[in-house]
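The lines below spell out each chain.
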Amino acid sequence: MSKVCPITGKRAQTGHNVSHSQRHTKRKWQPNLVKVTVVDENGRKQRMRISTTALRTMNKDARIK
């Protein structure tokens, strides 16, 4: 299963570790994905792996209504 959020589209980012001596080595930052059960508009439950940012936004939108 790929590490991509289906809602926000967040995926792995690449960059460098930089040591004290300024030596650069490649590294990856993975998105923070969690498994949740989401209920859609039709009342169907679906298990998804979404980012915690998307989860926070969904919770905030649910409180406002």
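Every residue gets a number counted from 1 within its own chain, in the order that chain's sequence is written. Reporting of local features is limited, given that this is a predicted model, to residues whose pLDDT is at least 70; pairs of side-chain atoms are given and counted only at 80 or more, and all residues count toward the totals for whole chains, interfaces and linings. The side-chain numbers reported here are obtained from all heavy atoms of the structure, hydrogens and water having been left aside.

### A short note on the overall build of the chain
Note the cut-off: Note on conventions: DSSP H or I runs of at least 4 residues are helices, E runs of at least 2 residues are strands, and numbering of each starts at the N terminus. Within these notes, the globule rule equals 2.2 Å times the number of residues to the 0.38 power, and the radius of gyration is based on C-alpha atoms. Each residue is assigned to one of three classes by its accessible area relative to the maximum for its type, calculated with a 1.4 Å probe on protein chains only: buried under 20%, partly exposed between the two thresholds, exposed over 50%. The contact criterion used is simple: two residues touch if any of their non-hydrogen atoms lie within 4.5 Å. Computed with the Shrake-Rupley method and a 1.4 Å probe, the accessible areas treat only the protein chains shown as cover for residues.
Of regular secondary structure, the chain possesses one helix and four strands. What you see in the chain, going N to C, is helices and strands ordered as β-β-β-β-α. Its C-alpha atoms give the chain a radius of gyration of 17 Å, more than 25% over the compact-globule value 11 Å for 65 residues. Across the 65 residues that make up the chain, the buried fraction comes to 15%. When contacts within the chain are restricted to residue pairs at least 6 apart in sequence, those whose partners lie at least 24 apart make up 29%. Carbon and sulfur atoms provide 48% of the accessible area of the chain, an area that totals close to 5700 Å².

### Quick look at unusual backbone geometry
Positive phi, close to 65°, is recorded for Gln22, a residue that is not glycine. Mapping Gln22 onto the fold places it in the loop between β1 (13-18) and β2 (24-29).

### Considering the pairing of β2
Put simply, the rule reads: The pairing criterion for strands is at least two bridges between them, as found by DSSP.
Pairing between β1 and β2: six bridges, direction antiparallel. Following the sheet pairing, Asn17 is matched in β2 by Thr25. Counted along the chain from β1 to the antiparallel partner β2, the turn is five residues long, and its residue Gln22 has a positive phi close to 65°.

### Structural notes on the pattern of salt bridges
The criterion, for reference: The term salt bridge refers to a pairing of a side-chain nitrogen on Lys or Arg with a carboxyl oxygen on Asp or Glu at a separation within 4 Å.
Inspection of every chain in the model, using the stated rule, returns one salt bridge. Its salt-bridge partner being Arg44, residue Asp40 comes within 3.4 Å of it at the nearest N-O pair. In this structure Asp40 comes out as partly exposed when scored by relative accessible area, which is 28%.

### With respect to the nonpolar core
Soluble globular proteins: nonpolar side chains tend toward being buried together. Here is the rule we go by: Working definition of a nonpolar core: buried Ala, Val, Leu, Ile, Met, Phe, Trp, Tyr and Cys residues. They are joined through side-chain atoms within 4.5 Å.
Core analysis: the largest hydrophobic core is formed by seven residues, namely Cys5, Leu33, Val36, Val38, Met48, Ile50 and Ala54. When contributions to this core are tallied by element, the ones reaching two or more residues are β3 (33-39) and β4 (45-51). Looking at this core element by element, the count peaks at three residues for β3. Ignoring sequence-local partners within four residues, the contact set of Met48 consists of Pro6, Ile7, Val34, Lys35, Val36 and Val38.

### Digging into the confidence of the model for the chain
Put simply, the rule reads: Known as pLDDT, the predictor's per-residue confidence is scaled from 0 to 100.
Of the residues in the chain, 97% have a pLDDT of 70 or more, and the chain-wide mean is 92. Ranking the elements of the chain by mean pLDDT puts helix α1 (residues 52-64) last, at 88, and β2 first, at 98.

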